[in-house]
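Spelled out from the first residue to the last, the chains are:
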Protein chains: 2
Amino acid sequence: MNAKKAVERQTGVALWRQIADLIRLSISNGDYDQTGMVPPETVLAGQFGVNRHTVRSALAALADEGLVQAIQGRGTMIQRKERLSFPISRRTRFSQGLGDQARETEAKLLAKGTLPAAGDVAKGLKIDPGAPCIQLDLVSSADGRPVSCSTSFFPQSRFPAMAEQFEQLHSITKAFAAQGLADYVRVSTELVARHADASELALLRLSPGAIVIEATAINADPDGVPVQFSRTRFAADRVKLKIET
Amino acid sequence: MNAKKAVERQTGVALWRQIADLIRLSISNGDYDQTGMVPPETVLAGQFGVNRHTVRSALAALADEGLVQAIQGRGTMIQRKERLSFPISRRTRFSQGLGDQARETEAKLLAKGTLPAAGDVAKGLKIDPGAPCIQLDLVSSADGRPVSCSTSFFPQSRFPAMAEQFEQLHSITKAFAAQGLADYVRVSTELVARHADASELALLRLSPGAIVIEATAINADPDGVPVQFSRTRFAADRVKLKIET
DNA sequence: TATAGTTGTCTACATTAATAGACATTTCGG
DNA sequence: CCGAAATGTCTATTAATGTAGACAACTATA
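Residues numbered from 1 in each chain as written. Chains lettered and ligands numbered in written order. Predicted model: local features only at pLDDT ≥ 70, side-chain atom pairs only at ≥ 80, totals over all residues. Heavy atoms only, no water.

**Q** Please provide a residue-by-residue account of the interface of chain B and chain A, values included.
**A** Taken together, the 40 residues of chain B in the interface contact 40 residues of chain A. Counting the surface lost from both chain B and chain A, the interface buries some 3800 Å², and carbon and sulfur atoms represent 62% of this. Where chain B touches chain A, the interface holds 4 salt bridges. Linking chain B to chain A there are 10 residue pairs in polar contact (both at pLDDT 80 or more). Elements supplying a minimum of two residues to the side of chain B that touches chain A: α1 (15–29), β8 (185–195), α8 (198–204), β9 (211–220) and β11 (239–243) of chain B. For the side of chain B that touches chain A, the element with the highest residue contribution is β8(B), accounting for 9 residues. Across the side of chain B that touches chain A, the residue classes tally to 19 nonpolar, 8 polar and 13 charged. (Contact = heavy atoms within 4.5 Å. Buried area = accessible area lost by both parts, 1.4 Å probe. Salt bridge = Lys/Arg side-chain N within 4 Å of Asp/Glu carboxyl O. Polar contact = N/O pair within 3.5 Å; in protein donor to acceptor, adjacent residues only side chain to side chain. Helix = DSSP H or I, 4+ residues; strand = E, 2+ residues; numbered from the N terminus. Nonpolar A, V, L, I, M, F, W, Y, C, P; charged D, E, K, R; others polar.)

Dropping the structure here:
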């Protein structure tokens, strides 16, 4: 692994942020597992070729995320290093997939509504543009940390009580079951990565400049009829997507 | 699509870069397809709540990427908007997957070498740590634009001529075939998104601050024996990963 | 209890990013 | 041909980022 650490100037991304990203990556790679600590500020400053104060800004940002904690005289300890591994397969479900990686998972309803299907939604669900859809906006968390936020669309004609069922059952799988759909599979997933926008920063409690992975997915019933069109944004520094074929 | 455009200050990411990223996203989303032009600078400045000069910096960065071109008196024209859709399935291969999206694809060998397998490589290939591996570093391009750079490891005992075969055939699939492996399948893919490091910026000709999607994958022969461990970094703003299950 | 090694804090200054305004230049339509 | 609308260029100012150095405060260990 060469992966030479280097930062670039005049890029529109502050040095301290680039360095914070690189240190975060090193932590999640386990580079510092032997000591459980980040190297001393002076050493990091030397590695990156910047002033110690710049490194301190980077570490302050990571401390702010709760990833590290500095102790005067001792060093900067690593508090947390996990990335949740999130499986994507034909049977993708949020909570089951995480398994024992988190003690507690939660899906919180942010908004619900009924609206005519826009072009991409109608195409994904194979319904007429303008046909009524139920939209659910969720934030999913593991052990109290937001992992993803999603917007899902369901054809109203087939699942008229989707919003109400979800509110009671707190699970899309169960809400489907309550409306007579015992099983469903993932038929399509498209992934894109980009910087988080303001609403995502707030929902996922990200530090600004963070990256999200946007997964646009379609679930269908066993006969192949689409039942859900969703757009899920994952906090990129908290997850690893594991594709199972 | 609400996707409210908003930028944040004091985040370590310059406003002009955040705005450039948002405009790039709008372009690839087709938001400006009606006119084929980006909205006027004054309009964008109003939407984002920044000074016109800041918008100009963002547009200059996009012009530098060749994405737009400003013409005095007329406006800023969109030059290019595509994202390549890159399939990931059990039969993932680079050039076939792109199909007719690009007229020409190329895989260029950057470096080759033999080295003992590090921990993660050995684990992925199911060989003893320290056993000799052949490493190939590639950059793959479509129509002359770099799309991904990758580092692959192959067990030397089974594919001793991997590097030489690739140099002749310019294809990993063909190099496998030349060494008696007619078919192979993808058994594992893990995805992570992060900021590009300096070497990736150079290899992929990205503008600094850009995002890469890192796919760590294992290919195996029909009997399930791993034959290739690879880490591919995609230029996130040029690709969409389409997962086929 | 020294002492080396570490983080914390402070001051000063240079560079980059962003704002503000004015005006020139070019294009296009009435 | 004029004027509206758009980009191009310039100056000036403020805020954020990065560098540099010095020293205080704390921790662990010899």
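**Q** Got a sec to walk through the protein's contact with DNA strand D? Specific residues and values, please.
**A** Of all residues adjacent to DNA strand D, which total 25 residues, the nearest are L15(A), W16(A), H53(A), T54(A) and Q10(B). In DNA strand D, the atoms that sit within 4 Å of the protein are 66% sugar and phosphate, with bases accounting for the remainder. W16(A) places a side-chain nitrogen or oxygen 3.4 Å from a phosphate oxygen of DNA strand D. Q72(A) places a side-chain nitrogen or oxygen 2.9 Å from a base nitrogen of DNA strand D. Counting residues per element, the ones that place at least two in the surface near DNA strand D are α1 (15–29) and α3 (52–64) of chain A together with α3 (52–64), β2 (68–71) and β3 (75–78) of chain B. At 3 residues, α3(B) tops the list of elements feeding residues into the surface near DNA strand D. For the surface near DNA strand D, the class distribution of residues is 7 nonpolar, 12 polar and 6 charged. (Near = heavy atom within 4 Å.)

**Q** Could you give an account of the environment of L203(B), with specific residues and numbers?
**A** Residue and element names in this part refer to chain B. In this fold, L203 is placed in helix α8. You can call L203 partly exposed: its relative accessible area is 29%. Separated by 65 residues in the primary sequence, L203 and L138 have C-alpha atoms spaced 9.6 Å apart. Once you skip the residues sitting within four places of it in the chain, L203 turns out to touch L110, V139, P146 and C149. (Buried < 20%, exposed > 50% of the residue type's maximum accessible area, 1.4 Å probe, protein only.)

As far as function goes, none of this settles anything; it's purely spatial.
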